[in-house]
Amino acid sequence: MATWPKTLDRAGITDPSLRRDYSEQRRLVARYARAEYTAVRLLLPAEFVPDVIAATAFMHHSDNLIDQGPADERIAALADWEGRVHAALKSGEAGEPVLRALLDTISRHPRLRQYVEDFLAGAPLEVQAQGFASESDFQHYIDGYSLPAFMLIACLLDAGAPADAYLAGCRSFIEASQRLDFLNDLAEDLGNGRLGIPEELLARHGLTRTDLTRTGPAHTGPARKGGAPEGFRGLVGDQARQIRTGLTASYGLVDLVHARSRPFVRALIGIQGLTLRAVARKGTALLDGSARPDVAAALRLLGREYVAARRRRDAGPAVGGTSPGAVGRS
């Protein structure tokens, strides 16, 4: 793995002020997304790393502005941020390091600009979403917000695959990942008055949102006898099967990215598989808090992909596909 100064050199980032901007984004991403940052540094070619970090920092900075607090405050924060981003895109100048790094990345990846616009256009969905009445509402959220957010990074890894095929592969991954996040974060979301599982799916298992809040951390009244409500175990199993199917399908995305990015994408999908395994093991206890993937298994996965990445770099440019592994294999 190249040192950070050499990483910036290989990406062609030589201006001292820009190097400071990228370095600040690197520190921020390393602090709040340690696992993702480690995978980026270990598995991506050095020349890709600063751009992926800049896009990740922009996404998280934007999301943090609208993720907490009263809705009216989040709406106002989004409007202010959207205005600043659009002004920066129009003028090519910005006062914030996160935007200066983003603008520099766009200069090398012009397609990123449209994904920034799409992401901002979908951000009101994140502000307004306190739950989904139906599966179609959930799918609308994926198309409007989750997918544009993922494309901020995914567009930097595209190897020129047909646009429709690449977008479909990205969507398979982000739908499964978002479904997994909502299931794993169920207790926290309920505590914040939010529910990411469609209510029509709850009804299919004989449940309501009220049933879930009677047992989790959001509940302040008497505990429900027997812990988790009847039907919740079946709901978790149903969601786990759907997520597993989506993650397995996501391995098709590996063949559509740049050959040198494949170890990173495999690891990204594999870590989600490990998280799913932890979620399935925790089962009804998800009402008490989130599950975490096994650290040793995650390190083994990263180690395997690091070896694969080193071999790829040592061998030079190569053509060919990859064989998808089992989701969450350790």
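Rules used in this analysis
Residues numbered from 1 in each chain as written. Predicted model: local features only at pLDDT ≥ 70, side-chain atom pairs only at ≥ 80, totals over all residues. Heavy atoms only, no water. Helix = DSSP H or I, 4+ residues; strand = E, 2+ residues; numbered from the N terminus. Contact = heavy atoms within 4.5 Å. Areas by Shrake-Rupley, 256 points an atom, 1.4 Å probe, with all protein chains shown as cover. Lys, Arg positive; Asp, Glu negative; His and termini not counted. Charge placed at Lys NZ, Arg CZ, Asp CG, Glu CD. Salt bridge = Lys/Arg side-chain N within 4 Å of Asp/Glu carboxyl O. Buried < 20%, exposed > 50% of the residue type's maximum accessible area, 1.4 Å probe, protein only. Expected span 1.5 Å × (residues − 1). Phe/Tyr/Trp six-rings, centres within 6.5 Å; stacked < 30°, edge-to-face > 60°. Core = buried A, V, L, I, M, F, W, Y, C linked by side-chain atoms within 4.5 Å. 1 Å grid on protein atoms, 1.4 Å probe; cavity = no way out; pocket = protein on both sides within 12 Å on 5 of 7 lines; lining within 4 Å. Points joined across faces, edges and corners; volume = space filled by probe spheres on them. Nonpolar A, V, L, I, M, F, W, Y, C, P; charged D, E, K, R; others polar. pLDDT = per-residue confidence, 0-100. Axes fitted to C-alpha atoms, helices over the stretch in contact; angles between N-to-C directions. Left-handed = near helix turned anticlockwise from the far one by under 90°.

(A) Quick look at the overall build of the chain. Looking only at helices and strands, one finds 15 helices and 0 strands in the chain. For the chain, contacts bridging at least 24 residues in sequence account for 72% of all contacts bridging at least 6. Approximately 15200 Å² of the chain is accessible, and the part contributed by carbon and sulfur atoms is 53%. Charge-centre separation for the chain: the mean point of 41 positive side chains lies 9 Å from the mean point of 39 negative side chains.

(B) Structural context of the pattern of salt bridges. Here the structure, examined in full by the defined rule, presents 15 salt bridges. The closest approach of N and O atoms between Arg194 and Glu126, which form a salt bridge, is 3.1 Å. On the criterion of sequence distance, the pair formed by Arg194 in the loop between α10 (186-191) and α11 (199-204) and Glu126 in helix α7 (residues 112-128) is long-range, its members being 68 residues apart. On the accessibility criterion, Arg194 (12% relative accessible area) is buried.

(C) Inspection of helix α2 (residues 16-32) at higher detail. With 17 residues, α2 ought to run about 24 Å at 1.5 Å a step, and its terminal C-alpha atoms sit 25 Å apart, in line with that. Residues of α2 that are buried sit in contact with α1 (4-10), α3 (34-43), α4 (49-67) and α6 (97-108).

(D) Local environment of the packing of aromatic side chains. Overall, the coordinates contain 10 aromatic pairs when judged by the stated rule. An aromatic cluster is present here, built from Phe58, Trp81, Phe119, Phe132, Phe138, Tyr141, Tyr145 and Phe182 joined pairwise through their rings.

(E) Quick peek at the nonpolar core. If you look at the biggest cluster of nonpolar residues, it comprises 101 residues, and the most contacted ones within it are Phe58, Val116, Leu157 and Tyr166. In terms of residue count, helix α8 (residues 135-154) provides more of this core than any other element does, 11 residues in total.

(F) Summary view of empty space enclosed by the protein. As enumerated under the stated definition, the model contains 1 cavity of 30 Å³ or more in all. By volume, the largest cavity amounts to about 70 Å³. Taken together, Phe150, Ile153, Ala154, Leu157, Tyr166, Phe173, Leu253, Val257, Phe264, Val265, Leu268 and Ile269 make up the lining of the largest cavity. With 4 residues, helix α14 (residues 262-282) is the largest single contributor of residues to the lining of the largest cavity. By residue class, the composition of the lining of the largest cavity is 12 nonpolar, no polar and no charged.

(G) Representation of the confidence of the model for the chain in the model. Of the residues in the chain, 91% have a pLDDT of 70 or more, and the chain-wide mean is 89. α6 holds the highest mean pLDDT among the elements of the chain, 97, whereas helix α15 (residues 295-315) holds the lowest, 87. For the stretch residues 218-226, pLDDT sits under 50, and the model shows 10 contacts to residues farther than four places along the chain or on other chains. This stretch, residues 317-330, has a pLDDT under 50; its non-local contacts, to residues over four places away or in other chains, come to 28 contacts.

(H) Representation of the packing of α2 against α4 in the model. At a minimum axis distance of 9 Å, the contact between α2 and α4 shows a crossing angle of 65 degrees. Considering the relative orientation of α2 and α4, their crossing is left-handed. Two secondary-structure elements touch here, α2 through Tyr22, Gln25, Arg26, Val29 and Tyr32 and α4 through Pro50, Asp51, Ile53, Ala54, Thr56, Ala57 and His60.

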